[in-house]
Amino acid sequence: MPKIHGTGVYDFRRHRVAEYPVVAETPPLAEKPPQSKPASDFPSSITLTDIQRDRLTRIAAENWAITTDSDIKKPFSPELVKEIYCSELTVTGGGRKTVPLQRVMILEVSQYLENYLWLNFNPESSSFEHVMSMMLMVNEKFRENVAAWICFYNRKDMFTSFLDRVLHLKEERSLTISEKTNYLLFMINAFQSLEDEVVSETIMRLAGLESWLSLSYGRLQIELCLNGKLIKKWKRVVKRVKDISKQGKLIEFSTTLEANFLRNLMLEFLQVLDMEVFPRKSYEDGSMIDANGNEDIDDGCVLYCERFMEFIIDLLGQLPTRRFIRPLVSDIGLVSKCHLSALHRHEKGKLFAQLVDLLKYYEGFEIDDHKGRQMTEDEVLQAHYRRFQAFQLVAFKKISKLRELSLSNIGAIDKRDKLLKKLSSFSLEELRDCVCCKLKLVSKDDPWSGRVDFLCEVMVSFFEKQKSQKEAINALPLYPNERIMWDESLVPSINYSGEGCLALPKLNLQFLTLHDYLLRNFNLFRLESTYEIREDIQEAVPHLLSYINSEGETAFRGWSRMAVPIKEFKITEVKPPNIGEAKPSAVTAEITFSISSYKAQIRSEWNALKEHDVLFLLSIHPSFEPLTEEEAEKATVPQRLGLQFVRGCEVIEIRDEEGTLMNDFTGKIKRDEWKPPKGELRTVTVALDSAQYQMDVFDVAEKGETDVYKTFNILMRRKPKENNFKAILESIRDLMNETCIVPDWLHDVFLGYGDPSAAQWTNRPDLLEKVDFKDTFLDAAHVKESFPNYQVHFVNPDGSDNFHPSPPFRIKFPTDAKRRVLYVPSSETSKIIMEHDSEKVELLVEVYIPPDPGPYPQDQPNKNSVRFTSTQVEAIISGIQPGLTMVVGPPGTGKTDTAVQILNVLYHNCPSQRTLIITHSNQALNDLFEKIMERDVPARYLLRLGQGEQELATDLDFSRQGRVNAMLVRRLELLSEVERLAHSLQLPEDVAYTCETAGYFWLLHVYSRWEQFLVACAENHDNPTFVQDRFPFKEFFSNTPKPVFAGLSYEEDMRAAKGCFQHLKTMFQELEECRAFELLKSTVDRSNYLMTKQAKIVAMTCTHAALKRKDFLNLGFKYDNLLMEESAQILEIETFIPMLLQRQEDGYARLKRCILIGDHHQLPPVVKNMAFQKYSHMDQSLFTRFVRLGIPYIELNAQGRARPSLATLYNWRYKELGDLPSVRMKDIFLKANAGFCFDYQLVDVADYRGRGESAPSPWFYQNEGEAEYIVSVYIYMRLLGYPANKISILTTYNGQKLLIRDVLNRRCAPYDFIGLPHKVTTVDKFQGQQNDFVLLSLVRTRFVGHLRDVRRLVVAMSRARLGLYVFCRRSLFEQCYELQPTFQILLQRPDQLALNLTEATAYTHRCVEDTGPVQLISGLEEMAELVNYQIHQVYQARAIGHQLSELSASEEDRIILENEGSESMDVNEIVSENENMDLALKINLNGSESVSFSIDEDEVPPTLSSFYAREF
């Protein structure tokens, strides 16, 4: 494979993951094998046999590896550490490899760091090799994306000493270039871990004000003048140094280290860049280097330079490190020196040059470094003018040659070419004097100050006008083209191993500004979309089988589902640019293609194209002669495909052969006028990207390039669900062009600065002091359980004590003089305070009687039946209060119930506010929505947007059209009720003609009568029948299920009367809400009104929110609260966009509450490209970032999904995850799984037919033995009577999923009494779902694979409620450090499947702790024999049953008479008598869902005969 710089080995296959070998127990077989070839360093080349025979395996087993045997380990040997480092962890011969990757992987997984290096580290005596080995192990953990610092927590003081030792390491001896790179990578990883206090305390010393001690005098004066507030701090730093000097002491080395560490690193980098990248010669001027790569170049030095650029970019990309490092970078002139370096111009320096451009961007980022405030365009311009005016003033006074420049207009001379022209007349000494002495931009002692090009570059880059970042983004095409798609530095191949760096932004903990945040996400999202589009092109184009025909034109002999040849392409309109822009305002084109070669299904897919769908225009021109194998191997993918150009476009409309408009959603064609499309030709009108069009036209005119738009011959589409990237990119770009307003209370927290708890409700001034909790609490005891740290005091509304409290309750939280809440229920802070304060704070709980809702059943509110735990109540309280609420919901802890109750209480306490619900998936949104409908929230206030609405399990339609129709139907129902009311009052019935007339009727006749009635009642309290006699609407309520008034008590009847009036009031209120739908005539206006005014709770997915943001803004959509479920599974930017679906009001954001619910211990968002995931951290959700920042969150701590024993497999990952009483008391959780001895078990699966895992195609992992074993167990369960819909089969790889499905189709589908399980899918796809029984295949036998990500393990272990059976290779997984907590529990039980063969049905009285008689199944073959025999029994029974059904009635009577000894005989006894076979009592001879049996010992297979001889 060709080598691509910056990405390691180059390949274009589908998604794959990094591989992790595991040390396996084996006797020593051989000494160290011969040194492997460089190519074998790639992880996929190592086998399990290689690991078992490797000398490192033996050394690990003897010295530190945890094995099942109890051998005594050898004492620690420093010489062994040194020998391992020198022989195994260093590389020779240069190249881009800094470590032998396989050797490091073996050592890391054997826990070399945890069990040997760290345990025996001593800051005084540990050798250089010991420290470097530890650094390499930490780097490897970061590469593999596993917790790197956790093993150091047990000795935090010692860890600080280790970091100090690292910082001084270069003083011990000089480092090789690979060691320098590894050292640099460790520093990169450390600066990316600032959330870890122990790391940040030591590392951040290097980026403090003390680093300015190494600044040149001139630069220091400039910085202090620009930042006057730092002068006092600087004086204190200088005073401390002088005091130490006066005492006659040397300055502390730590002070010297803080001052010089980063500067020395930069100088070391410049030395490598200038002298070592091209090792043959030493150049004073880089121009002598051949840019075409004819000179020798040291690849190791190139990698080091790239890593250093990454390091500095990271430092400038975070405000805490940027503040004091940016002046240091400018003082050294780092960017200018990199621009002028030979490597920057060299062919192999492409990635380096891209990184230098990224560094230049961050050096000049538009931010006030010390205030942390984003600068507006005007502020940036004014700063530029002030800087240039100061330059002109100096030039006028002191530089005679620049006198003309000093008097010129700034706009005429602040361009690069103008400035260079002015400086061209300067001699070296004049230029040096100007730049170093007068302007003080660099030190005159700088070695580069003797170069004219360097001095000019420094001066020009400082004074030239920078291009606006906003303008650069707006000029960028949204669709990728062929140049970006196959640029490996920007869109790397999927097999990125983490060894190199890339020219990509990173999503770290902190961002400089919102613009910086949006720009990083824009670039990454655009490139991730580009990667997916590239993969689709590579999949679709080869099927077309392109070739050059006899006429020299491109033709196609194949076909592709997603790509069709173009008959005609023409540009129809190019609109002139908008004012202030250069690109056309719009470019439209027409594309004609034929669907004649497709079958009906594929035709319908092409016919389904609609407005805003994105298509791609491809230009295919293959080579005349097919490429040879050698040529194909060297060729790029576009060359192999014959792909010349790629352009994107957006559908405006599509017409059939007769020109009739298809798929109209604008209302141009009425529904009853729609006709099926005619003919086989389709014409699509599309909008091209105007920015790309302008660039293409410029290239044709100025450079003589090919006219791209005359070459297109293929039109490609993509799957609709994967093709929404353009709308999301437009939304991000729109946000960058707006004054992006995040609420003030959230702004700093969002960017990662300030007090992490600042946005918490307890620190907000506008909290709700009294909250009506409605049906949250089931009884008074529930209140006390929910507030264990309060002295709960129940009172009546008048303040008197209530000794018999019952719900509902209102609660007023105690506050201090500043209105801050004193305590938070169940919080850790509260518990700490209570330990020192025996006197609990009083919590006033007001008991009140809710008003009578009305006399009809539909008037009664739905009530909550969930007994919320104290932490759930804490989450509810936080959610209804203003501010940021974060709820971590472990599996089965009731996240959805908690979210629904927050919405319910919020609706009743703030009825005028609107809430937006966002989830990642349609399924989660529907689950949430269905539960909301069961609470006391009127259906007319609920709205569900998006495509998943059809899947709602309800008879009501909650789409926009469905809600409009429901409101119109409800209007007619209410008007008929008004008509009946008017009739009961003996008034004309025409008052119910419209909602408007009904409103007048309410005011004039209904409300007036009620007021007269109240006046009369005030004078007749003593008459118990007065209400019954004088109630004005008695006739209207005569149809209630039971009489409204009893006439026994005035108070009771008055309460009932008020309930009746409430019913009327609600009725007329609904009519008033229907009035808008009566006035608005078009469906579009009605649905828009519903969304923007009527609905109080609007639900949609994050994708729908991003796609429709522009529509929401145009309609004036408003909301006050945002609740986001599954927020740990949503990309950062897809979490951010829903916060900004509304325009600001008077410069302020309306958003009051942001409630994020998720679980960062489960799987993160899906990012298909491994480089974006591992290098750029694109899979980090906003929820996870907030957790890492230390923002307070509430973790639900009681699960109600699984048996307590199953929960132990994953609850170690959470703080205090316990069990709800239901899982300890319900019978279903107490009974054992019939036929199984244990409720969970690890089953060790040996090689099947001589092999374990296999890969029919690369990274398509399968394990036939596990697949067959799992299917056998599934058949066994079905024959016992387990319902198929209660069993799910999960695996960790798509290849295994497809293999299991094949085996099921072969072994189960043909049998109606077995059938297929509920679901066969991957662990990743099953997140958020559950089932009673889960059979899990882990597949791998050589490497642990991506299960080493503990988040995937948590998901896998937490999907089962009653039974989990894990099929895997024990020797592989039991030694993986990250998985040990779970596998240690699994391995406490036998690793052979333990069955209880005495149970013949799916029900058992056996308790879960009782194993019963244990039969260990030796392996797959024995299990297969068992189930095959059982199926044979069933078929025998069926055959006999079929014969019996054909017997005549007289023959059946004869058989019964011959067996008169018994009262009756069932079918099973007849079968047993005739065939010498004993079937269980429960069998359906016609084929039931469940079949059960017992076995006769005469027919038992030999391998099971001993068991049955004992049991039967």
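In what follows, the structure referred to is the one given above.
Residues numbered from 1 in each chain as written. Predicted model: local features only at pLDDT ≥ 70, side-chain atom pairs only at ≥ 80, totals over all residues. Heavy atoms only, no water.

Undergrad: I keep staring at the nonpolar core and nothing clicks. Help me out?
TA: Side chains of nonpolar character tend, in soluble globular proteins, to be buried together. Core analysis: the largest hydrophobic core is formed by 244 residues, its most contacted members being Phe 162, Phe 269, Phe 308, Phe 311, Leu 884 and Phe 1136. Among all residues touching Leu 884, those that are not within four sequence positions of it are Trp 745, Leu 746, Val 749, Ala 759, Gln 760, Cys 1154, Leu 1156, Phe 1186 and Ile 1191. Core analysis: the second largest hydrophobic core is formed by 49 residues, Phe 773, Leu 843, Val 847 and Val 905 among them. (Core = buried A, V, L, I, M, F, W, Y, C linked by side-chain atoms within 4.5 Å. Buried < 20%, exposed > 50% of the residue type's maximum accessible area, 1.4 Å probe, protein only. Contact = heavy atoms within 4.5 Å.)

Undergrad: Which parts of the structure should I look at to understand the side chain of Gln 1094?
TA: Inspection of the secondary structure puts Gln 1094 in helix 42 (residues 1083-1094). Assessed through its relative accessible area of 4%, Gln 1094 is described here as buried. Only 3.4 Å separates the side chain of Gln 1094 from the side chain of Glu 1073, close enough to count as a polar contact. Excluding residues within four positions of it along the chain, Gln 1094 makes contact with Arg 940, Tyr 941, Met 967, Glu 1073, Phe 1077 and Tyr 1089. (Helix = DSSP H or I, 4+ residues; strand = E, 2+ residues; numbered from the N terminus. Polar contact = N/O pair within 3.5 Å; in protein donor to acceptor, adjacent residues only side chain to side chain.)

Undergrad: Please clarify how the sheet that holds strand 20 (residues 942-944) should be interpreted in this entry.
TA: Paired through their backbone hydrogen bonds, the strands of a sheet run either parallel or antiparallel. Reading across from one edge, 20-21-19-22-23-18-24 is the order of the seven strands in this open sheet, with parallel pairing throughout. At either margin of the open sheet sits one strand with a lone partner, and together these are strand 20 and strand 24 (1194-1195). As paired elements, strand 18 (residues 883-888) and strand 24 share two bridges and run parallel to each other. Its bridge partner lying in strand 24, Val 888 is registered against Glu 1195. Here helix 32 (residues 744-751) sits on the sheet and contacts strand 18 and strand 23 (1153-1158); the angle it forms with strand 18, its principal contact strand, is near 50°. (Pairing = 2+ DSSP bridges. Axes fitted to C-alpha atoms, helices over the stretch in contact; angles between N-to-C directions.)

Undergrad: What exactly am I supposed to notice about the sheet that holds strand 31 (residues 1319-1322) here?
TA: Pairing is parallel across the open sheet formed by five strands, whose spatial order is 27-33-32-30-31. This sheet does not close on itself; its edge strands, each paired only once, are strand 27 (1240-1244) and strand 31. Taking the axes of each pair of neighbouring strands and ignoring which way they run, one obtains an average angle of 20° across the sheet. Sheet topology note: the strand 30 (residues 1287-1291)/strand 31 ladder contains four bridges and is parallel.

Undergrad: Where do I start with the environment of Tyr 1435 in this structure?
TA: Position of Tyr 1435 among the secondary structure elements: in helix 56 (residues 1420-1445). For Tyr 1435, a relative accessible area of 39% puts it in the partly exposed group. Along the sequence, Tyr 1435 and Tyr 1311 sit 124 residues apart, while their C-alpha atoms lie 9.9 Å from each other. Beyond its immediate stretch of four places on either side in the chain, Tyr 1435 contacts Tyr 1311 and Phe 1313.

Undergrad: Can you walk me through a positive patch on the surface in this structure?
TA: Residues Lys 232, Lys 233, Lys 235 and Arg 236 make up a contiguous surface patch of positive charge. Among the secondary structure elements, Arg 236 is positioned in helix 11 (residues 230-246). Taking the relative accessible area as the measure of exposure, Arg 236 reaches 53% and is therefore exposed. (Patch = residues over 30% accessible without salt bridge, like charges linked within 9 Å, V, L, I, M, F, W, Y side chains within 5 Å. Areas by Shrake-Rupley, 256 points an atom, 1.4 Å probe, with all protein chains shown as cover. Salt bridge = Lys/Arg side-chain N within 4 Å of Asp/Glu carboxyl O. Lys, Arg positive; Asp, Glu negative; His and termini not counted. Charge placed at Lys NZ, Arg CZ, Asp CG, Glu CD.)

Undergrad: How should the packing of helix 38 (residues 960-984) against helix 41 (residues 1050-1079) be read in this particular structure?
TA: When two helices pack together, their arrangement is given by the angle between their axes and by how far apart the axes lie. For the pair helix 38 and helix 41, interaxial distance at closest approach is 9 Å and the crossing angle is 130°. Here helix 41 runs oblique to helix 38, going by the angle between their axes. In this structure, the crossing between helix 38 and helix 41 has a hand that is left-handed. Contacts between helix 38 and helix 41 involve Val 964, Met 967, Leu 968, Arg 970, Arg 971, Leu 974, Leu 975, Glu 977, Val 978 and Leu 981 on the former and, on the latter, Leu 1064, Met 1067, Phe 1068, Glu 1070, Leu 1071, Glu 1073, Cys 1074, Phe 1077 and Glu 1078. Broken down by class, the residue content of the contact of helix 38 with helix 41 amounts to 13 nonpolar, no polar and six charged. (Parallel < 35°, antiparallel > 145°, perpendicular 65-115°, else oblique. Left-handed = near helix turned anticlockwise from the far one by under 90°. Nonpolar A, V, L, I, M, F, W, Y, C, P; charged D, E, K, R; others polar.)

Undergrad: I would appreciate a short explanation of the packing of helix 38 against helix 39 (residues 995-1018) in the present structure.
TA: Contact geometry of helix 38 with helix 39 gives a least axis separation of 11 Å together with a crossing angle of 35°. Along this stretch, helix 38 crosses helix 39, giving a crossing that reads as left-handed. On the side of helix 38, the interface is formed by Arg 971, Leu 975, Val 978, Leu 981 and Ala 982, while helix 39 contributes Cys 995, Ala 998, Phe 1001 and Val 1006.

Undergrad: Can you walk me through the packing of aromatic side chains in this structure?
TA: Working definition: an aromatic ring pair is given by the centre-to-centre distance plus the angle between the planes. If you walk through the whole model with that rule in mind, you get 76 aromatic pairs. Judged by centre distance (6.1 Å) and plane angle (45°), the rings of Trp 149 and Phe 152 are tilted. Look at Phe 152 and you get buried, because its relative accessible area is 1%. It is Lys 1096 that lies over the ring of Tyr 941; its NZ or CZ is 4.5 Å from the centre. For Arg 1185, the ring lying beneath its charged end belongs to Phe 750, and the centroid distance is 5.4 Å. (Phe/Tyr/Trp six-rings, centres within 6.5 Å; stacked < 30°, edge-to-face > 60°. Lys NZ or Arg CZ within 6 Å of the ring centre and 35° of its normal.)

Undergrad: Whenever I open this one, the environment of Glu 1378 confuses me. Can you help?
TA: Mapped onto the elements, Glu 1378 comes out in the loop between helix 54 (1370-1373) and helix 55 (1380-1386). What makes Glu 1378 buried here is its relative accessible area of 10%. When the C-alpha positions of Glu 1378 and Val 109 are compared, they lie 9.3 Å apart, and in sequence the two are 1269 residues distant. Aside from chain neighbours lying at most four places away, what touches Glu 1378 is Lys 141, Val 146, Trp 1212, Arg 1348 and Val 1350. At 2.6 Å, the side chain of Glu 1378 forms a polar contact with the side chain of Arg 1348.

Undergrad: What is the right way to read unusual backbone geometry from this model?
TA: In this structure, Pro 808 follows Pro 807 across a cis peptide bond, with omega equal to 5°. Inspection of the secondary structure assignment puts Pro 808 in the loop between strand 15 (790-795) and strand 16 (809-812). A positive phi angle is found at Arg 1249, which is not glycine, with a value near 55°. With respect to the helices, strands and loops of the structure, Arg 1249 is situated in the loop between strand 27 and strand 28 (1253-1254).

Undergrad: How do you make sense of the pairing of strand 32 (residues 1331-1337) when you look at a structure like this?
TA: On any regular strand, side chains alternate: one points to one face of the sheet, the next to the other face. Counting buried residues along strand 32, seven of its seven residues qualify, which places the element largely inside the surrounding structure. One ladder, built from five bridges, connects strand 30 with strand 32; its direction is parallel. Paired with Ser 1288 across the strands is Val 1334, a residue of strand 32. Two elements, strand 32 and strand 33 (residues 1360-1368), share six bridges in a ladder whose sense is parallel. Bridging from a neighbouring strand, Leu 1335 pairs with Tyr 1365 of strand 33. Considered for its hand, the β-α-β crossover made up of strand 32, helix 53 (residues 1350-1357) and strand 33 is right-handed. (Right-handed = clockwise from strand over helix to strand, strands pointing away.)

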